[in-house]
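Chain residues, written in single-letter form:
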Amino acid sequence: MKGNSYLSRKIHSLLGVIPLALFLIEHMVTNFSAYEKGPQGFQDSVKFLNDLPLVFFLELFGIWLPLLFHGVYGLYVAYQSNLNTGRFQYGRNWAFVLQRISGVITFIFIFWHLYQTRYQVMIGAVTHEELGNLMHDITTNGFYFVLYVIGILAATFHFSNGMWAFLVSWGITVGPRAQRISSFIWIGVFVIVAVIFLLSLGSFKGDEFKEAASAALQMTNLV
């Protein structure tokens, strides 16, 4: 690993942009439909994604495998990092530390979220049509709701700050002025994306999803 650390870090950086961006955009758009259009809108969005041609292979090679490499190698990088905030008290150093911490939280959160949702669909515990009801059950649990808020903030920060670092390390933003402007842009992205996710998360707790979950339970009891 050490002999090819430069190449490994470049691949890690690149694969962080591609799968995490795709993962966030896919989830942001799908989940926001719950806030914007309610249970039926969310169900339609989920159906649209699952009706895409070769969706399994698109997700496997476009998101999950790159994300797995990024996450596992990111844990190694975080373990090897020298978190020296006590010595250098300035913004970029804190961003460096928070990037490592948020990466660990995001890695755990994503796989926990997948276990609670995608894995339950895979084993037949719920259907794609019942994911909205499942999210209602998750978000109405106070403990899970707090964990999801922490996970969302960690993931959106990790993505936004990671994009700033990506532009620097790949020589796209060169010089203090370009990097300062990039900081403002990605802070804005962090705020906007985090707010959209939190609005979506809150919508799953709403009366519409509660009524949909109750109706689904009554139908199950009838059957």
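These numbers were taken from a predicted model, which means no experiment stands behind them. The numbers attached to residues start from 1 for each chain and follow its sequence in the written order. Only residues with pLDDT of at least 70 are given local features in this predicted model, and only at 80 or more are side-chain atom pairs given and counted; all residues enter the totals for whole chains, interfaces and linings. As a rule here, side-chain values come from all non-hydrogen atoms in the structure, and water together with hydrogens is ignored.

**Comments concerning the UniProt feature "binding site: heme" (unreviewed entry) in the protein chain**
- Using the residue numbers shown here, the UniProt feature "binding site: heme" (unreviewed entry) corresponds to His27, His70, His113 and His158.
- Residue position: histidine 27 is located in helix 1 (residues 5-50).
- We call a residue buried when its accessible area falls under 20% of the maximum for its residue type, exposed when it is over 50%, and partly exposed in between, using a 1.4 Å probe and counting protein chains only. With relative accessibility at 12%, the residue histidine 27 sits in the buried group.
- In this structure, histidine 27 is in contact with Phe32, His113, Arg118 and Phe197, ignoring residues within four places of it in sequence.
- By definition, residues are in contact when any of their heavy atoms lie within 4.5 Å. With near-sequence residues (within four places) excluded, histidine 158 lies in contact with Leu20, His70, Gln99, Ser102, Gly103 and Thr106. UniProt positions are given in the numbering used here, feature names are shortened, and annotations may be inferred rather than shown by experiment. Secondary structure elements follow DSSP: runs of H or I no shorter than four residues count as helices, runs of E no shorter than two count as strands, and numbering proceeds from the N terminus.

**Some remarks on helix 2 (residues 55-80)**
- Any helix carries an expected span of 1.5 Å times its number of residues minus one. The terminal C-alpha atoms of helix 2, which comprises 26 residues, lie 36 Å apart, in line with the 38 Å expected from a rise of 1.5 Å per residue.
- Phenylalanine 61 marks the point of greatest bend in helix 2, at about 35°.
- Those residues of helix 2 lying buried are Val55, Glu59, Gly62, Ile63, Trp64, Pro66, Leu67, His70, Gly71, Tyr73, Val77 and Ala78. Note on bend: at a given residue it equals the angle between the axes fitted to the 7 residues ending there and to the 7 starting there.

**Digging into the UniProt feature "transmembrane region" (unreviewed entry) in the protein chain**
- Mapped onto this structure's residue numbering, the UniProt feature "transmembrane region" (unreviewed entry) falls at residues 12-34, 54-76, 97-115, 143-172 and 184-204.
- For residues 12-34, the end-to-end C-alpha separation is 32 Å, with 100% helix and 0% strand making up the annotated structure.
- Helix makes up 100% of residues 184-204 and strand makes up 0%, while its end C-alpha atoms are separated by 31 Å.

**Side note on unusual backbone geometry**
- Here leucine 54, not a glycine, exhibits a phi torsion of approximately 55°, which is positive.
- Turning to its location among the elements, leucine 54 is positioned in the loop between helix 1 and helix 2.

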